[in-house]
Amino acid sequence: MSISSFIFFSLPFENFTVLSAFGVMSNVRKSTRIIMKAEIYLAQCVESALKQAYDTEAKVVIEKPRQEAWGDFATTVALGLAKSLRTAPRVIADKIVENIKDEAHLLDKITVDGPGFINFTLSKSHWQSSVREIIGAGEKHGNDTWGNGKKINIEFVSANPTGPLNVVSARAAATGDVLVELLNKVGFAAEREYYINDAGRQIRLLGASVAARYLTLCGKNTAVPDEGYQGEYVIGLAEQLKAEHGEEFVELDDLERNARLSKLALEKMVALHKKVMEEYRVNYHTWFYESSLRKKDVHFKIVDELKSKNLTYEKDGALWFKSSEFGDAKDRVLVTKEGEPTYFMVDIAYHQDKFERGFETLYDLWGPDHHGYIDRVSAAMQALGYAKEKFNVRIIQQVNMLRDGELVKMSKRAGNIIEMNEVVQEVGIDAARFFFVMRKLDSPLDFDIDLAKKRSDENPVYYVQYAHARIVNVIQFANENGLELSLDADLSLLEANEEIALIRKLNEFPTVIGACARLMEVHHLPAYLMEVAAAFHSFYHNNRVVTDDRKLSEARMMLLEATRCVLLNGLKILRISAPDRM
RNA sequence: GCCCCUAUAGCUCAGUCGGAUAGAGCAGUGGUUUCCUAAACCAUGUGCCCCAGGUUCAAUUCCUGGUAGGGGCACCA
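Summary of the structure given here. All figures in this text were calculated on a predicted structure; none of them were measured in a lab.

Along its length, chain A carries 20 helices and 16 strands. When the backbone C-alpha atoms are referred to their principal axes, chain A occupies close to 85 × 65 × 45 Å. The long-range fraction of contacts in chain A, counting pairs at least 24 apart against all pairs at least 6 apart in sequence, stands at 74%. Surface accessibility of chain A: about 26600 Å² in total, with carbon and sulfur atoms responsible for 48%. Both charge centroids of chain A, one from 73 positive and one from 83 negative side chains, sit 2 Å from each other.

Structure below.
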């Protein structure tokens, strides 16, 4: 992550609310400044210096140097221009530096190092004053507007209501939930959506399976169909339905009984899924029922549209879509020879429906077993006239559960899958959510159940939460000793190495949020929060907050409050609690 | 056979648009508390960045080809 920091201009800024555990900040004055990242300012400085020196334009990227000693920010622009300008990179770098006009007086030092890096060191006072601005921004710290209000739909989990949710859903749920939060933080209008496949063949199979178990319970031994659901939970469903409805379905003919039981079982499963998601703190904007599309025959209208574009044909009694004309490996069936619409066919209608509801871009989060399905949906969307980049899929790799250091073997057939709810209940919601967003989406995630349950320093969740609790405790202690948080504190007293290091870290928050949103990745945020916690703990250990030196204490209280703001903001995005005491 | 993902320290993993001496946590070792929470801090070692080519002033990063591991290739979802 590159460091980000702020420059303050005297422009009007909207009102804000201040986060505080104790309400001591209620008298805070309103900010009248707009926040701008230091990187953007530096990039502009370098760009105009470049124009001045060489009459050249180039995209200037400001990054964080590998070594802290080299400075706060750096750019390699001189290295990149060496060829086109036919000049040694160091010469270019020197000339750029000569032409830099630091109008905001932000810079303490600019050096040219190595083969031609330009390193910038910001003044201490800039870092110090950022503490006040972070507190002032409150929960808006890290917000941006580049999403421009664009409507984005993020569909995730969408597990079949034919069985309990497994651990992969827990990863997808945490990921999708946090992604939406991140996107909205940078100005998008992103929404969470869950698609419920409550129609079609699989649901009929569920009905038949429940019916078999139900009849068996009623004394009429019946086998579960070969392709049906064999899991224990089906017996549970049958038991519940028998308890609620007695034997009223026994005398019905098979078709009728299956249909009735299928409907009732489905309602129970969907209710269960909704409950698990709610307890996991995922609040979907939309629970979309496949049956609502089928009722309106929307999927047949899609077929008509594809037909009219001459993109379908009949073969072997089935109706095919020419998906290979849009990059799919082969054509796909829309209507089977039995005359049944495929899942795919309804799915096309579903995705188009999202567009018709006003979403400009769609993101689906799928498991690795669905990657082969991407091309055909993409093909369908293109066939219907939507640009390729409007439909996106992010594959979330698998989850391996580890217990006692051993991989827990899971098999659907053997019925020993680990349910999402079990894991969440066992390790706690905070730990589960944190662990499930810790890894890059492309990587399989090893979930160490024992580690997630540990209440010790090895567990990263507690490390971050402990930092927050510690801060709350110290501020409380300070209050008891007659110290109040005051925005007028003299921040120039924050000079210790640990203090500056912590402040610099706090200023990276907006950059981390931006990177997550831009890359559609969540794992940078928990990693960053661990860094903030580390910087804070280090500061805390080496510096007392509550001292005889009242001015210094007040300055340090400000630093603590700013740190608390960042931790709270970060945890809030992850929807993990920020405890006041541990 | 075809497609997707992965390969970096003993272990689990970061590493942004290719840049300066490749990082963190855990484990190991040694230390820190008359003091606001020790669920904490400090010190300490380790790397054919899977292999071979290519592009480039510069490759862990991009391209090609391998090797190994995981997943997927239905008129299921």
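Moving on, we get to the side chain of Asn-197. With respect to the element layout, Asn-197 can be found in the loop between β7 (189-196) and α6 (201-217). Discounting residues that sit within four places of it in the chain, Asn-197 has contacts with Ser-158, Asn-160, Pro-161, Ile-203, Glu-290 and Tyr-343.

In the contact formed by helix α10 (residues 298-308) and helix α11 (residues 343-356), the axes pass within 8 Å of each other and the chain directions differ by 95°. One element, α10, and the other, α11, form an angle in the roughly perpendicular class. Residues Val-298, His-299, Phe-300, Ile-302, Val-303 and Glu-305 of α10 form the contact with α11, whose participating residues are Met-345, Val-346, Ile-348, Ala-349 and Gln-352. When the residues that make up the contact of α10 with α11 are grouped by side-chain class, the tally is eight nonpolar, two polar and one charged.

As summarised here, the arrangement of the three strands in space is β3-β5-β4, forming an open sheet in which the pairing is antiparallel. Among the strands making up the open sheet, the edge pair consists of β3 (73-75) and β4 (107-113). Sheet twist, expressed as the average angle between the axes of neighbouring strands with direction ignored, equals 20°. Bridging between β3 and strand β5 (residues 117-122) involves three bridges; their strand directions are antiparallel. Its bridge partner being in β5, Thr-75 is matched across the sheet by Ile-118.

On to the side chain of Asn-459. Among the structural elements, Asn-459 can be located in the loop between α15 (449-453) and α16 (460-480). Among the polar contacts listed, one links the side chain of Asn-459 to the backbone nitrogen of Val-461, at a separation of 3.1 Å.

Criteria and cut-off values
- Residues numbered from 1 in each chain as written.
- Chains lettered and ligands numbered in written order.
- Predicted model: local features only at pLDDT ≥ 70, side-chain atom pairs only at ≥ 80, totals over all residues.
- Heavy atoms only, no water.
- Helix = DSSP H or I, 4+ residues; strand = E, 2+ residues; numbered from the N terminus.
- Contact = heavy atoms within 4.5 Å.
- Areas by Shrake-Rupley, 256 points an atom, 1.4 Å probe, with all protein chains shown as cover.
- Lys, Arg positive; Asp, Glu negative; His and termini not counted.
- Charge placed at Lys NZ, Arg CZ, Asp CG, Glu CD.
- Axes fitted to C-alpha atoms, helices over the stretch in contact; angles between N-to-C directions.
- Parallel < 35°, antiparallel > 145°, perpendicular 65-115°, else oblique.
- Nonpolar A, V, L, I, M, F, W, Y, C, P; charged D, E, K, R; others polar.
- Pairing = 2+ DSSP bridges.
- Polar contact = N/O pair within 3.5 Å; in protein donor to acceptor, adjacent residues only side chain to side chain.

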